[in-house]
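# Architecture and fold: a report
Single-letter residue listing:
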Amino acid sequence: LLCSPPRKWDIIDLLKRPNRCHEASCLPLLAERGVPYAEALLYLYRSVGAHERVLSNLVEDRCVGGANSEGWTKDQFHHWKADYLRSLWHSNNTSETKLVLTSHQGDPPLVSLLKADPILGLKVLSPNDTAKSMNVDPVGGLGFTIKVVVHVLKDVIPKQSTASGSGPIPLTAPNGLALDYLEAL
């Protein structure tokens, strides 16, 4: 961490893979580096299975840098969040799946993503092609019925500027997200 020049990408690459990093030792070093090291901190938590800590830190204010920052852009943040939520949703682990639709700080993580970028949010829930070939439920969401997911989606109203769906019903229409989800199944 204290290398010159900084080796942020090497650290992120190390934490993405199975590793033996000691969380208690690495945490303060990454946290003190601020927004530019938010991704590394999230991968540290993820690598030790601390998914609730990932989600509590996966907040735009903590991860997106300003114009002159080395942090994520909003678009990068939303893509990372969508990929992460999708991995939890399709994990075949009930406790991980529940985290996607459980409130942490305000809206559940999926709901906040759907409001910011409904197309990315719907991709979290979309059927998993890999699972089909392995005879695993391709819909994901272990412990959740389609009816429960539809109930959550029908109450979400995405921001107007981000909701240009490709279907005949706009995503901002009442029940638009729920209908798009059902069509994808």
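Below: a short report on this structure. (Residues numbered from 1 in each chain as written. Predicted model: local features only at pLDDT ≥ 70, side-chain atom pairs only at ≥ 80, totals over all residues. Heavy atoms only, no water.)

## Thoughts on the overall build of the chain
Of regular secondary structure, the chain possesses 12 helices and 0 strands. Ordering the α and β elements of the chain from the N terminus gives α-α-α-α-α-α-α-α-α-α-α-α. In the chain, which comprises 185 residues, the proportion classed as buried is 39%. Across the chain, every contact between residues at least 6 apart in sequence was considered, and the portion connecting residues at least 24 apart equals 61%. Accessible surface computed for the chain: about 10,300 Å², of which carbon and sulfur atoms make up 53%. (Helix = DSSP H or I, 4+ residues; strand = E, 2+ residues; numbered from the N terminus. Buried < 20%, exposed > 50% of the residue type's maximum accessible area, 1.4 Å probe, protein only. Contact = heavy atoms within 4.5 Å. Areas by Shrake-Rupley, 256 points an atom, 1.4 Å probe, with all protein chains shown as cover.)

## Structural notes on the packing of aromatic side chains
This structure, assessed with the given rule, holds 5 aromatic pairs. An angle of 50 degrees between the planes, with centres 6.2 Å apart, marks the rings of Trp-72 and Phe-77 as tilted. When sorted by exposure, Trp-72 lands in the same class as Phe-77, which is buried. Note on Trp-72: relative accessible area 9%, which makes it buried. (Phe/Tyr/Trp six-rings, centres within 6.5 Å; stacked < 30°, edge-to-face > 60°.)

## Here's the deal with helix H6 (residues 74-89)
Helix length check: H6 (16 residues) gives 22 Å between terminal C-alpha atoms against 22 Å at 1.5 Å per residue, within 8%. All of the buried residues in H6 are Phe-77, His-78, Trp-80, Lys-81, Ala-82, Tyr-84, Leu-85, Leu-88 and Trp-89. (Expected span 1.5 Å × (residues − 1).)

## Overview of the environment of Ala-178
By secondary structure assignment, the location of Ala-178 is in helix H12 (residues 176-184). Assessed through its relative accessible area of 3%, Ala-178 is described here as buried. Distance in space between the C-alpha atoms of Ala-178 and Val-152 is 8.2 Å, their sequence separation being 26 residues. Once residues lying within four places of it in the same chain are set aside, the contact partners of Ala-178 are Val-150, Leu-153 and Lys-154.

## Overview of the layout of surface pockets
The space that makes up the largest pocket amounts to roughly 410 Å³. The wall of the largest pocket is formed by 20 residues, among which Glu-60, Phe-77, Lys-81, Ser-112 and Leu-113 lie closest to the centre. (1 Å grid on protein atoms, 1.4 Å probe; cavity = no way out; pocket = protein on both sides within 12 Å on 5 of 7 lines; lining within 4 Å. Points joined across faces, edges and corners; volume = space filled by probe spheres on them.)

## Some thoughts on the side chain of Glu-39
Inspection of the secondary structure puts Glu-39 in helix H3 (residues 38-47). At 3.3 Å, the side chain of Glu-39 and the side chain of Trp-72 are in polar contact. (Polar contact = N/O pair within 3.5 Å; in protein donor to acceptor, adjacent residues only side chain to side chain.)

## A closer look at helix H9 (residues 118-125)
Judged by how many residues are buried, H9 sits mostly within the fold: 6 of 8 residues are covered. Listed in full, the buried residues belonging to H9 are Pro-118, Leu-120, Gly-121, Leu-122, Val-124 and Leu-125. On its buried side, H9 packs onto H6, helix H7 (94-100), helix H8 (109-116), helix H11 (146-154) and H12.

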